[in-house]
Amino acid sequence: MKRRHFIKNASLTSVGLAVGSTLVGCAEKTSEEKKATAATSSTHSKATLPLVIATWHVIDATAKAMEVLQAGGNALDAVEQGCMVEEANEKGQSVGKGGLPDRDGNVTLDACIMDKHGNCGSVVYLQNITHAVSVARKVMEDTPHVMLAGEGAKQFAVSKGFEPEDLLTEASKEAWKKWKVEAKYKPIINIENHDTIGMLAIDKNGDISGACTTSGLAYKMGGRVGDSPIIGSGLFVDNEIGACVATGLGEEVVKTVGSFLVVELMRQGKSPQEACEEAISRIVNKPNSNYKDFQVGYIAVNKKGETGSYSIHQWFSMTKFQDGVNEQIQSDYFNKA
Ligand code: ASP
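Residues numbered from 1 in each chain as written. Predicted model: local features only at pLDDT ≥ 70, side-chain atom pairs only at ≥ 80, totals over all residues. Heavy atoms only, no water.

Describe the overall build of the chain, listing the residues and the values that go with them.
What the chain contains, in helices and strands, is 11 helices and 16 strands. Looking at the chain as a whole, 58% of its 337 residues are labelled buried. Residue pairs at least 24 apart in sequence account for 68% of intrachain contacts in the chain once pairs closer than 6 positions are excluded. Total accessible area computed for the chain in this model is approximately 13800 Å², and 51% of it derives from carbon and sulfur atoms. (Helix = DSSP H or I, 4+ residues; strand = E, 2+ residues; numbered from the N terminus. Buried < 20%, exposed > 50% of the residue type's maximum accessible area, 1.4 Å probe, protein only. Contact = heavy atoms within 4.5 Å. Areas by Shrake-Rupley, 256 points an atom, 1.4 Å probe, with all protein chains shown as cover.)

So this is what it looks like as structure tokens:
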């Protein structure tokens, strides 16, 4: 059963009432491109653009992204600025400033971003810089590389004008101290009502971009990196087909190259919803899968502007801003037992 929980906030909807254009699947494609996307373009449906979706309940972040799009900004600017809202929110303990630390008390961030041309940038194990997603964008735009890690990523950020700061807030320090009493490491399903922020947007030109940012699993081993900054696992964008972003236990997403899988399934003709469901089934149907102990969730959008989301367990949700409505949509899920 799908439960739709509408959050119609007057101040938010006012941002997006004057929505613009509509998109028809394969406009402006060459014949080669048409061949490559035959499966997805065979049934054209109209979607009102622009649109934004994000993992979890992040209406402030999607509102910011929509504001950028409504002002004529492109999808890349929208996903970056949307993610920055959560990175700066100290109360969110799984992203940016205020993120829960690793077992040694260090807050380490992972993030990536991908544009309509397939360009991408990523940072892993970044410390002391709140806006990891923006550093990832700089990696994409200002270096010949895709990924920078640790101290190198931090030095690069500083060289680009990012101010180093302490990301461990009092609240997160207290939580870590409490955890240290028993120091049991067990990934918790849906740690709270939001987690890694993954965001996908289609701008009024029909172009897609995506971004993903996280402090990773709380109390992870020092040096651990999850799926979120790994292009193809935490995020994948193919402007001809669609895009996907993941949240949950990163190790399981990496093992199935989850986001790339979802996009490839859409290329083969599956809807975003069907593709997310198939990618989750690859995880839960593995021999000896212990899926009851962890959560993974995907959200996806295709070139036609259709969206989907699915998770292993209940309580995963997607925030969607389209047609002036900024709403949290509870995802359907696999484990109904
Ligand atoms: N996927 C992230 C990771 O494994 C965590 C999360 O989404 O909560 O680092």
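Any chance you could break down the site of the ligand for me, citing the residues and the numbers?
Taken together, D195, T196, G216, L217, R224, G226, D227, S228, T247, G248 and G250 form the complete shell of residues around the ligand. Residue R224 places a side-chain N or O atom 2.7 Å away from an oxygen atom belonging to the ligand. About the coverage of the ligand: the protein hides 98% of its 270 Å² of free accessible area. Class assignment of the residues belonging to the shell around the ligand gives a composition of one nonpolar, seven polar and three charged. (Near = heavy atom within 4 Å. Polar contact = N/O pair within 3.5 Å; in protein donor to acceptor, adjacent residues only side chain to side chain. Nonpolar A, V, L, I, M, F, W, Y, C, P; charged D, E, K, R; others polar.)

Residues and numbers for the pattern of salt bridges, please.
Across all of its chains, the model carries 16 salt bridges by this definition. A salt bridge links D207 to K116, with the shortest nitrogen-to-oxygen separation between them at 3.5 Å. With a gap of 91 residues between them, D207 in the loop between β8 (197-202) and β9 (208-214) and K116 in the loop between β5 (109-114) and β6 (120-126) connect regions that are remote in the sequence. Relative accessible area serves as the criterion here: at 15%, D207 is assigned to the buried category. (Salt bridge = Lys/Arg side-chain N within 4 Å of Asp/Glu carboxyl O.)

Please set out the packing of helix α5 (residues 75-88) against helix α6 (residues 132-142) residue by residue, giving values where relevant.
As a packed pair, α5 and α6 sit with axes 8 Å apart at the nearest point and diverge in direction by 150°. Comparing the axis directions of α5 and α6 gives the class roughly antiparallel. Residues L76, D77, E80, C83, M84 and E87 of α5 form the contact with α6, whose participating residues are A132, V133, S134, R137, M140 and E141. A breakdown of the residues in the contact of α5 with α6 according to their chemical character gives six nonpolar, one polar and five charged. (Axes fitted to C-alpha atoms, helices over the stretch in contact; angles between N-to-C directions. Parallel < 35°, antiparallel > 145°, perpendicular 65-115°, else oblique.)

Describe the packing of aromatic side chains, and please don't skip the residues or the numbers.
Within the structure shown, the criterion is met by four aromatic pairs. Between W56 and F316 the ring centres are 5.0 Å apart and the planes differ by 85°, which places this aromatic pair in the edge-to-face class. Of this pair, W56 sits in the loop between β4 (51-55) and α4 (59-70) while F316 sits in the loop between β13 (307-311) and β14 (317-322), and the two are 260 residues apart along the sequence. Neither W56 nor F316 differs from the other in exposure class; each is buried. (Phe/Tyr/Trp six-rings, centres within 6.5 Å; stacked < 30°, edge-to-face > 60°.)

With reference to specific residues and values, describe the pairing of strand β15 (residues 325-330).
Here β15 lies mainly inside the structure; five of its six residues are buried. Here β14 runs beside β15; their pairing, made up of six bridges, is antiparallel. Bridging across to β15, K320 finds its partner in E327. Hairpin remark: β14 followed by β15, antiparallel, with two residues in the connecting loop; positive phi at D323, about 55°. (Pairing = 2+ DSSP bridges.)

Quick rundown of the state of the cysteines? Include the residues and the values.
Within this structure, the stated rule accounts for zero disulfides. Take C83: it sits in no disulfide, and the sulfur closest to it among the cysteines is that of C212, at 7.4 Å. (Disulfide = S-S within 2.5 Å.)

Tell me about helix α11 (residues 272-284), residues and numbers included.
One turn of the α-helix equals 3.6 residues, which is why residues spaced by three or four share an orientation. Along its 13 residues, α11 runs 19 Å from first to last C-alpha, staying within 8% of the 18 Å computed at 1.5 Å per residue. Listing the buried residues of α11 in full gives P272, Q273, A275, C276, A279, I280, I283 and V284. Its buried side turned inward, α11 meets α9 (250-255), α10 (258-267), β12 (296-302), β13 and β16 (332-333). (Expected span 1.5 Å × (residues − 1).)

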